[in-house]
Amino acid sequence: MASKKQDLTVELRGKKKEVALVRLTRPAKRNALSDGLIYALRDAFQNLPASVRAAVIDGEGEHFCAGLDLSELKERDAGQGVFHSRTWHTALDAVQYGPVPVIAALHGAVVGGGLELASSAHIRVADATTFYALPEGTRGIFVGGGGSVRIPKLIGVARMTDMMLTGRVYNAEDGERLGLAQYLVPEGQALDKALALAERIAQNAPLTNYALTHALPRIAEQPADHGFMTEALISAIAQAAPEAKARVRAFLEGKAAKVQKG
Ligand code: 1HE
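Residues numbered from 1 in each chain as written. Predicted model: local features only at pLDDT ≥ 70, side-chain atom pairs only at ≥ 80, totals over all residues. Heavy atoms only, no water.

Chemist: I would appreciate a short explanation of the overall build of the protein chain in the present structure.
Modeler: Assigned secondary structure in the protein chain consists of 10 helices and 10 strands. Expected size for 262 residues packed as a compact globule is a radius of gyration near 18 Å; at 19 Å, the protein chain falls within 12% of this value. Over its C-alpha atoms, taken along the principal directions, the protein chain stretches across nearly 65 × 45 × 35 Å. Considering the protein chain as a whole, with its 262 residues, one finds that 44% of them fall into the buried category. When contacts within the protein chain are restricted to residue pairs at least 6 apart in sequence, long-range pairs at least 24 apart make up 68% of them. Accessible surface for the protein chain amounts to roughly 13800 Å². Of this, 57% is attributable to carbon and sulfur atoms. When the 31 positive and 28 negative side-chain charges of the protein chain are each reduced to one mean point, those points stand 6 Å apart. (Helix = DSSP H or I, 4+ residues; strand = E, 2+ residues; numbered from the N terminus. Rg over C-alpha atoms; globule rule 2.2 N^0.38 Å. Buried < 20%, exposed > 50% of the residue type's maximum accessible area, 1.4 Å probe, protein only. Contact = heavy atoms within 4.5 Å. Areas by Shrake-Rupley, 256 points an atom, 1.4 Å probe, with all protein chains shown as cover. Lys, Arg positive; Asp, Glu negative; His and termini not counted. Charge placed at Lys NZ, Arg CZ, Asp CG, Glu CD.)

Chemist: Any chance you could explain the site of the ligand here in plain terms?
Modeler: Taken together, 22 residues surround the ligand, and among them Lys29, Ala66, Leu70, Gly113 and Arg139 come closest. In the model, an oxygen atom of the ligand is placed 2.5 Å from a nitrogen or oxygen of the Lys29 side chain. Arg30 places a polar side-chain atom, nitrogen or oxygen, 2.9 Å from an oxygen atom of the ligand. The fraction of the free accessible surface of the ligand (1000 Å²) that becomes covered by protein chains is 66%. Looking at the shell around the ligand, the elements with two or more residues in it are strand S6 (109–111) and helix H3 (113–120). Considering only residue class, the shell around the ligand consists of 10 nonpolar, 6 polar and 6 charged. (Near = heavy atom within 4 Å. Polar contact = N/O pair within 3.5 Å; in protein donor to acceptor, adjacent residues only side chain to side chain. Nonpolar A, V, L, I, M, F, W, Y, C, P; charged D, E, K, R; others polar.)

Chemist: It is not clear to me how the pattern of salt bridges should be interpreted in this structure. Could you clarify?
Modeler: When charged atoms on two side chains of opposite charge get close, those side chains can pair. Per the stated rule, a full pass over the model turns up 11 salt bridges. One salt bridge in this structure joins Asp7 and Arg26, with 3.7 Å as the shortest N-O distance. Taken together, the residues span a long stretch of sequence, with Asp7 in the loop between strand S1 (2–5) and strand S2 (8–13) and Arg26 in the loop between strand S3 (19–24) and helix H1 (35–46) at a distance of 19 residues. Between Arg150 and Asp93 there is a salt bridge, with its nearest N and O atoms 3.0 Å apart. One end of the pair, Arg150, is in helix H4 (residues 147–155); the other, Asp93, is in helix H2 (residues 78–96), and 57 residues separate them in sequence. Taking relative accessible area as the criterion, Arg150 reaches 11% and is therefore assigned buried. Judged by its relative accessible area of 36%, Asp93 falls in the partly exposed class. Each of Asp7, Arg26 and Asp69 takes part in salt bridges that share partners, so that together they form one network. (Salt bridge = Lys/Arg side-chain N within 4 Å of Asp/Glu carboxyl O.)

Chemist: Where do I start with the nonpolar core in this structure?
Modeler: For soluble globular proteins, the rule of thumb is that nonpolar side chains tend to be buried together. Core analysis: the largest hydrophobic core is formed by 47 residues, its most contacted members being Leu8, Phe45 and Tyr132. Broken down by element, this core gets its largest block of residues, 6 residues, from H1. Grouped together as the second largest cluster of nonpolar side chains are 17 residues, Val185, Ala190, Leu195 and Leu197 included. (Core = buried A, V, L, I, M, F, W, Y, C linked by side-chain atoms within 4.5 Å.)

Chemist: Could you clarify how one ought to interpret the packing of H4 against helix H5 (residues 157–166) in this entry?
Modeler: Axes are the key here: two packed helices are described by the angle between their axes and the distance separating the axes. Look at H4 against H5: their axes get within 7 Å of each other, and the N-to-C directions meet at 120 degrees. Relative to H5, H4 is oriented oblique. In this structure, H4 contributes Gly147, Ser148, Ile151, Pro152 and Ile155 to the contact, and H5 contributes Val157, Arg159, Met160 and Met163. Taken together, the residues of the contact of H4 with H5 sort by class into 6 nonpolar, 2 polar and 1 charged. (Axes fitted to C-alpha atoms, helices over the stretch in contact; angles between N-to-C directions. Parallel < 35°, antiparallel > 145°, perpendicular 65-115°, else oblique.)

Chemist: Explain the packing of aromatic side chains here, please?
Modeler: The way to describe two aromatic rings as a pair is by their centre distance and the angle between their planes. Here the structure, examined in full by the defined rule, presents 0 aromatic pairs. Cation over ring: Arg218 sits above Tyr97, and NZ or CZ is 4.2 Å from the ring centre. (Phe/Tyr/Trp six-rings, centres within 6.5 Å; stacked < 30°, edge-to-face > 60°. Lys NZ or Arg CZ within 6 Å of the ring centre and 35° of its normal.)

Chemist: Sorry, what's going on with the sheet that holds S6 here?
Modeler: Adjacent strands of a sheet pair through backbone hydrogen bonds, lying either parallel or antiparallel. In spatial order, the strands read S6-S8-S9; together these 3 strands make up an open sheet with mixed pairing. Single-partner strands in this sheet number two, and they are S6 and strand S9 (170–171). Pairing analysis gives 2 bridges linking strand S8 (residues 131–133) to S9, with the strands arranged antiparallel. Looking at S9, one finds that Phe131 is bridged to Asn171. Along the sheet, H3 contacts S6 and S8; its crossing angle with S6, the most-contacted strand, is approximately 90 degrees. (Pairing = 2+ DSSP bridges.)

Shown next as structure tokens:
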């Protein structure tokens, strides 16, 4: 089952349709993010079917995403520019703070707004062809899709500043070493790896996944004292769920998997 909006498809995978594969399908323009595509992304993540427990984003063709559609960067005045940036914020917030964990499967160019989109996912899997850049600096503009908030959390302010000031491009190995991606796989294998991770994540208790995607990033922003309190609240809520009790009981009865050496 697949649905199609502007340059975007949503396909449900898995026995219970528990994984949504959200694909950018504008390869002729390197999946550049037009306004229509940004709205389609927002709508897709705000309207995931109830069966979905995890999602994967990928891009059709040789590149994940070339960022903002530069052909639409016409003469916006300052007010329209603010509105445009806020539209991106809404869409990428729908990715980060939607109902389920999201994994970005990366290959080829992950640049500008493409890196902003990838940064809004919870896990990034990159194949060996992946490269990362923030060409905004050299195009006389600035990030506007939440990159200045999210990217420093992955690689630090100094590295992002360098990428924008100098146009520095990081390759796939650099990206994994620095924390732009958590997984590095051979060419052509990012989607399969991301789908396998999504399938595994989909088996977690939904409340644990929700705590990880909604509570953890907020706890990390809180002063420690507030963070400890929020942690106590969310962990108490998670462990009170019948599903948590059943999972712990299964382990104690020797019916659940042990942690295996990595
Ligand atoms: C585009 C875009 C785009 C390609 N907007 N049309 N992003 C950038 O500055 C990156 C610009 N793109 C590139 O550097 C390269 O296209 C790539 C490295 C991504 C891919 O190179 P390549 O050789 O595979 O493709 P290409 O021949 O450059 O592009 C194929 C077509 O896609 C071509 O159009 P055509 O009609 O001539 O075939 C390109 O014009 C088109 N295309 N990228 C529009 N980005 C919220 S603020 C975010 C701010 C930003 O993201 S700024 C960074 C924008």
